[in-house]
Amino acid sequence: MKPRTEKSIELYDVLLQRGYPQEFCEQITLNLNTDWTATRMLRYLSHYRKLHMEDVADEMLAILSDRDRIMQKHELEDTNAKWNEFLIQGFDEEE
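The structure presented is a predicted model; accordingly, all values stated were derived computationally and were not measured.

A. Just the overall build of the protein, in detail. The helix and strand inventory of the protein stands at four helices and zero strands. Going residue by residue from the N terminus, the α and β elements of the protein occur as α-α-α-α. Across its three principal axes, the protein shows a C-alpha extent of roughly 70 × 25 × 15 Å. Burial statistics for the protein: of 95 residues in total, 27% are counted as buried. Relative to all contacts within the protein whose residues are 6 or more apart in sequence, the contacts with residues 24 or more apart total 69%. Within the structure as shown, the protein displays about 7,200 Å² of accessible surface, and the carbon and sulfur contribution to it stands at 52%. Mean positive and mean negative side-chain charge positions of the protein (12 and 20 charges, respectively) differ by 11 Å.

B. Spotlight on the side chain of Glu59. Mapped onto the elements of the fold, Glu59 is located in helix 4 (residues 53–89). Although Glu59 is buried, it forms no salt bridge, and the closest oppositely charged side chain is Arg40 at an N-O distance of 4.5 Å.

Rules and cut-offs
Residues numbered from 1 in each chain as written. Predicted model: local features only at pLDDT ≥ 70, side-chain atom pairs only at ≥ 80, totals over all residues. Heavy atoms only, no water. Helix = DSSP H or I, 4+ residues; strand = E, 2+ residues; numbered from the N terminus. Buried < 20%, exposed > 50% of the residue type's maximum accessible area, 1.4 Å probe, protein only. Contact = heavy atoms within 4.5 Å. Areas by Shrake-Rupley, 256 points an atom, 1.4 Å probe, with all protein chains shown as cover. Lys, Arg positive; Asp, Glu negative; His and termini not counted. Charge placed at Lys NZ, Arg CZ, Asp CG, Glu CD. Salt bridge = Lys/Arg side-chain N within 4 Å of Asp/Glu carboxyl O.

Interpretation in functional terms is not warranted from these geometric data alone.
Laid out in structure tokens, this is it:
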């Protein structure tokens, strides 16, 4: 699994400070281990004082789902660009 980023470590500290169990904080930050995902969770948490663990876990799953959709979108855009290039250039045949 990817090592934690600074934002992920910050998220871990915020969760601990808010009184969540250490094991829970570990699991959340192991899954949200990029700056983008950790920042999304930190923004979510900034709107609330105290959330149930279920709410935090649900938001983590929503963030991961968003990330997966964005990654898939980029993959499809890349495939489409390659297809368009092929349609314009055709096969690379030498005569």
